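Listed here are the chains, written in short residue letters.
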Amino acid sequence: TGKFTYDPGFLSTSSCNSTITYIDGDKGELLYRGYPIEQLAVSCDYLDTCYLLLYGDLPNEAQRQDFHARVTNHTMVNEQMQFFLRGFRRDAHPMAVLTGLVGGLSAFYHDSTDINNPQHREIAAIRLIAKMPTLVAMAYKYSVGQPYMYPKNDLSYAGNFMRMMFATPCEDYKVNPVIERALDRIFILHADHEQNASTSTVRLCGSSGTNPFAAIAAGVACLWGPAHGGANEACLNMLEEIQANGGVAKVGEFMEKVKDKNSGVKLMGFGHRVYKNYDPRAKLMRETCHEVLNELGLQNDPLFKLAMELEKIALEDDYFVARKLYPNVDFYSGIVQRAIGIPVQLFTAIFALARTVGWIAQLNEMIADPEYKIGRPRQLFVGAERRDVKPLDQR
Ligand code: CMC
């Protein structure tokens, strides 16, 4: 057993070579295929970012149009999906529903289930990117008992999602461009983040040769946890709880609990395995938060004020400074989503929608790597030595 390195949590193990996303955690830098996230967030839209992650560079005009056309061609889901959805309780958590629906796609598309076939992977990638907004919106509409809205393909990716979420068949729906841009930015900022837990899950799952939809469903399941994608939901619940218990005046008291290791309370939306400086996505999200709240006349939103107060205290407090704990992307994304009208329970599903492209790009990269083999971590066995089974009356 001595020949294996013990590295719980993969603190010092690289699981792969990758050319997709670069993070410098000390500098607070994030690049997709070499392009800084700050530039992508202002100069590109989410589908440009998808193209970049999948194909290695930003599209030119012709490639852009072709890619948009290919994605919009696949935004509908098979009508049978409605019956699958109907089997769930209306109050089911959207991530439970999404795990099922995404895995269920495997059963519909026999021309895109062979993970080792590049054409299959290509069409599975387009289908997944195209269908995730439809599935998330269907899960939402189902939870509130409203009819599903079919995709409208002359809208942008984010605009179409907004319409499927918030429109009803009996009234006209106009996409608010400020909200559309904010949502698109949320998608861009969440599109990839190198070898995080869900991406590593997708790679490991895909390494067995399973089909791409099943591998992405595994990513959705992993993302659900509060230490990962579930943090945006947990963060907003935390802000609401502090607000209900006295708001800004009670921040000091709450922070004492966070610093008390026995309390089990964490400042959700703070800290990151890799960023030991301000998460660049959080900076952009904070800016978007201002824009959205101004647009909606919610400048005095108490949760936003509370978040700013928590951030201010944390950035000056020895506990957080010593541990290099800074706000991460989830600290402000929940406030933006709540202002837009997205229910808290759906936040992680929106993260999953956006991360799908990253998962697929990483899966493609792994399979195209000539050195790729099934992922199979070893262990250091620390259990009982060999022993004999005793008869029942002697145990
Ligand atoms: N509140 C209070 N203390 C914290 C926090 C926090 N949010 N995060 C880390 N710490 C402490 C931790 O207790 C430990 O203290 P000590 O050294 O005294 O034992 C120290 O800081 C180092 O933390 P760690 O848990 O060893 O760090 P990690 O890399 O294993 O965990 C993390 C990273 C993101 C899971 C953790 O910071 C956390 O749970 N944060 C809150 C949840 C959250 O916001 N997650 C979203 C991450 S970004 C989006 C995504 O990736 O999905």
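Residues numbered from 1 in each chain as written. Predicted model: local features only at pLDDT ≥ 70, side-chain atom pairs only at ≥ 80, totals over all residues.

**Side note on the pairing of strand β1 (residues 21–24)**
Residues of β1 alternate between two faces, with Thr-21 and Ile-23 buried on one and Tyr-22 and Asp-24 left unburied on the opposite face. Both β1 and strand β2 (residues 29–32) contribute to a ladder of 4 bridges, which runs antiparallel. Within the sheet, the bridge partner assigned to Asp-24 lies in β2 and is Glu-29. Between β1 and β2, which pair antiparallel one after the other, the connecting turn spans 4 residues, and Gly-28 there sits at a positive phi close to 75 degrees. (Buried ≥ 20, exposed ≤ 12 C-beta atoms within 10 Å, placed from the backbone. Helix = DSSP H or I, 4+ residues; strand = E, 2+ residues; numbered from the N terminus. Pairing = 2+ DSSP bridges.)

**So, the sheet that holds β2**
Read from one edge of the open sheet, 3 strands run β1-β2-β3, paired in antiparallel fashion. Looking at strand neighbours, the two that pair on one side only are β1 and β3 (35–36), the edges of this open sheet.

**What to know about the pairing of β2**
Going residue by residue along β2, you find Leu-30 and Tyr-32 tucked away on one face and Glu-29 and Leu-31 left uncovered on the opposite face. The sheet contact formed by β2 and β3 spans 2 bridges and is antiparallel. Looking across to β3, one finds that Tyr-32 is bridged to Tyr-35. Hairpin geometry of β2 and β3 is characterised by an intervening segment of 2 residues between the two adjacent antiparallel strands and by a positive phi of about 50 degrees at Arg-33.

**Notes on helix α9 (residues 197–206)**
Since there are 3.6 residues in each turn of an α-helix, residues three or four apart along the chain are aligned in direction. For α9, the buried fraction is high: 7 of the 10 residues fall into the buried class. Taken residue by residue, α9 has Ser-198, Thr-199, Thr-201, Val-202, Arg-203, Cys-205 and Gly-206 as its buried positions. Packed against the buried residues of α9 are α10 (212–223) and α17 (347–368). (Contact = placed C-beta atoms within 7 Å.)

**Description of the UniProt feature "active site" (unreviewed entry) in the protein chain**
What UniProt calls "active site" (unreviewed entry) maps, in this numbering, to His-272 and Asp-330. For this annotated set, covering 59 residues, all C-alpha atoms fall within 10.7 Å of each other, a compact arrangement in space. As for its position among the elements, His-272 is in the loop between α12 (251–259) and α13 (280–295). Given 24 C-beta atoms within a 10 Å radius, His-272 is considered buried. Excluding residues that lie within four positions of it along the chain, His-272 makes contacts with Asp-279 and Asn-328. Within the secondary structure, Asp-330 sits in helix α16 (residues 330–340). (UniProt positions renumbered as here; feature names shortened; annotations may be inferred.)

**What about the site of the ligand?**
The environment of the ligand is formed by 19 residues, the closest being Ala-231, Lys-266, Gly-271, Arg-273 and Asn-328. A breakdown of the residues in the shell around the ligand according to their chemical character gives 8 nonpolar, 7 polar and 4 charged. (Near = placed C-beta within 6 Å. Nonpolar A, V, L, I, M, F, W, Y, C, P; charged D, E, K, R; others polar.)

**Concerning helix α6 (residues 118–144)**
Given a rise of 1.5 Å per residue, 27 residues ought to cover 39 Å, and the 39 Å separating the end C-alpha atoms of α6 matches this to within 8%. Along its length, α6 reaches its greatest deviation from straightness, about 35 degrees, at Lys-131, and the proline Pro-133 lies no more than four positions downstream. Taking burial as the measure, the 27 residues of α6 include 20 buried ones, the bulk of the element. Note on α6: the residue one or two positions beyond its end, Gly-145, has a positive phi of about 75 degrees. (Expected span 1.5 Å × (residues − 1). Bend = angle between axes of the 7 residues up to and from the residue.)

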